[in-house]
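# Architecture at a glance
Each chain, letter by letter, is given below.
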Amino acid sequence: MFKTILDPLGDEFHGNDKGETATRVKAKEERNGMRILVCGGAGYIGSNMAAMLAREGHRPIVYDNLSKGHKAAIGGAEFVEGDLADYELLVETLKSKRIEAVMDFAAFIEAGESVQFPLRYYQNNVSNTLVLLGAMESAGVDKFVFSSTAGVYGIPSKMPITEDLPKEPINPYGETKLAAERMCHHQSMTGKLRYASLRYFNACGAGNDCALGEDHDPETHLIPLAIQAAMGKRGAVKIYGTDYPTEDGTCVRDYVHIEDLCRAHLLALRKLEEERELTYNLGNGKGYSVREVIETVKKVSGRDFKVAEAERRAGDAPVLICDSSRAKRELGWQTQWRDLGKIVETAWRWHNEHREGYDD
């Protein structure tokens, strides 16, 4: 026997005595989910995060000024076009959308660029984070998941990198992220903020069933640069520095798939129900040199391409490899994408399906 049920939120569902329909189950999950403001949600990591939140029954509201991101990457998520420097719009958005938690992906993230334009990085990564935290306090929103970086460690004294190592950034990017972390800490001491600071290593790959990939202008990340070279869209891929104290002389980095990274944010958000401050390193625990990454792209693509050697870039550490045992222990986080070749395959698929990037 079918019956009509009037939901407390005003929605009407059709179910039966023997069980709930898929529509009702989905709606129940959405009601139980959180309303989360995803700052920078049109960018690479933010768009993947918004998609995962929606899949998990949460309600992402993307807040982005579209200076770096792509509206096409937002999908069906609710969208507010705005800047983090706009305190009034942030407060109005937090209140009118009944936001319960904030995730921030709106920082500038290029170490080399930060050396050239330090004030630009302090303005966006520190001053605008201050505005955001102030708006959250005014709106009574106390849960915050902050996108930080392994760059806060500078050149670490040992490998792999644990969270308790000294924080000695060697470029303005790392300095600004560390300053924002400290700001969160002091705000949490007032009892008005619960925050998780997630220190990424190298985010990569395409997520949401390879529907959401990297599309930066200009592109500076190694894997998409090498893929562009393999596709014939770039004359060569450059290696910046071949005299580092590593096995092949090139920098070594830890690469973590975007889906694994986003999953850690969900787990951290849940953990904030019981903790006030959380700090985690997020990486795969294995390092690959620049040359190894380039060779992996060649193997996955089946194509050769030119490689050019250049001088070191200011602000690049020789080796950064993650110890994410704390996240595994406390959050139950496990990386599912551990093979660099498989990770590159997802990126290769996205770039071949989006040869000109997002169609904005």
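Up top you'll find the structure we're talking about.
Summary of the structure given here.

Thresholds applied
- Numbering of residues starts from 1 in every chain and runs along the sequence as written.
- Given that the model is predicted, a residue must reach a pLDDT of at least 70 before its local features are reported, and side-chain atom pairs must reach 80 or more before they are shown or counted; all residues, however, enter totals for whole chains, interfaces and linings.
- Excluded from the side-chain calculations are hydrogens and water; all other atoms, namely the structure's heavy atoms, are used.
- By convention in these notes, a salt bridge is any Lys or Arg side-chain nitrogen within 4 Å of a carboxyl oxygen on Asp or Glu.
- Under the scheme applied here, a residue whose accessible area is under 20% of the maximum for its type counts as buried, over 50% as exposed, and between as partly exposed, the area being computed with a 1.4 Å probe on protein chains only.
- Put simply, DSSP marks the helices as runs of H or I at least four residues long and the strands as runs of E at least two long, and each gets a number from the N terminus on.
- Working rule for contacts: check all heavy atoms of both residues, and any pair within 4.5 Å makes them a contact.
- Note on pairing: two strands pair once DSSP finds at least 2 bridges between them.
- Each axis is a line fitted through C-alpha atoms, and for a helix only the stretch in contact is used; angles between axes span 0 to 180 degrees, taken between their N-to-C directions.
- The rule is short: rings of Phe, Tyr and Trp, with Trp giving its six-membered ring, pair when the centres are within 6.5 Å, and they are stacked under 30 degrees, edge-to-face over 60, tilted in between.
- Either the NZ atom of lysine or the CZ atom of arginine qualifies as a charge over a ring when it sits within 6 Å of the ring centre and within 35 degrees of the ring normal.

### Quick word on the pattern of salt bridges
- Applying the stated criterion across every chain, the model contains 16 salt bridges.
- With a closest N to O distance of 4.0 Å, glutamate 113 and arginine 120 form a salt bridge.
- Accessibility expressed as a relative area gives 40% for arginine 120, which makes it partly exposed.
- Residue lysine 271 is joined to glutamate 274 by a salt bridge in which the shortest nitrogen-to-oxygen separation is 3.1 Å.

### Description of the environment of arginine 349
- With respect to the helices and strands, arginine 349 occurs in helix 11 (residues 340-353).
- Relative accessible area serves as the criterion here: at 36%, arginine 349 is assigned to the partly exposed category.
- Sequence spacing of arginine 349 and leucine 165 is 184 residues, and the spatial spacing of their C-alpha atoms is 37 Å.
- Residues contacting arginine 349, with those up to four places away along its chain left out, are Asp209 and Cys210.

### Topic: the sheet that holds strand 3 (residues 35-39)
- Spatially, 5-4-3-6-7-8-12 is the arrangement adopted by the seven strands of the open sheet, whose pairing is parallel. A single partner strand is all that each edge strand has here, and the edge strands are strand 5 (78-81) and strand 12 (277-282). Across this sheet, the average inter-strand angle for adjacent strands is 20°, counted without regard to direction.
- With six bridges connecting them, strand 8 (residues 194-200) and strand 12 associate as parallel partners. Residue serine 197 lies in a different strand from strand 12, and its bridge partner there is threonine 279.

### A look at the environment of glutamine 116
- Looking at the secondary structure, you find glutamine 116 in helix 4 (residues 111-116).
- Taking the C-alpha atoms as reference points, glutamine 116 and valine 131, separated by 15 residues in sequence, lie 24 Å from one another.

### A few points about the packing of aromatic side chains
- Summed over all chains, the structure comprises three aromatic pairs.
- With 5.9 Å between their ring centres and 35° between their planes, phenylalanine 144 and phenylalanine 146 make a pair best called tilted. Comparing phenylalanine 144 with phenylalanine 146, the two get one shared label, buried.
- A ring pair is formed by tryptophan 350 and tyrosine 358, whose centres lie 5.1 Å apart and whose planes are at 55°; its orientation type is tilted. By the burial criterion, tryptophan 350 is buried, and tyrosine 358 matches it.
- The aromatic ring of phenylalanine 108 is capped on one face by lysine 68, whose charged end is 5.5 Å from the ring centroid.
- We note arginine 312 situated over the ring of tyrosine 244; from NZ or CZ to the ring centre the distance is 3.9 Å.

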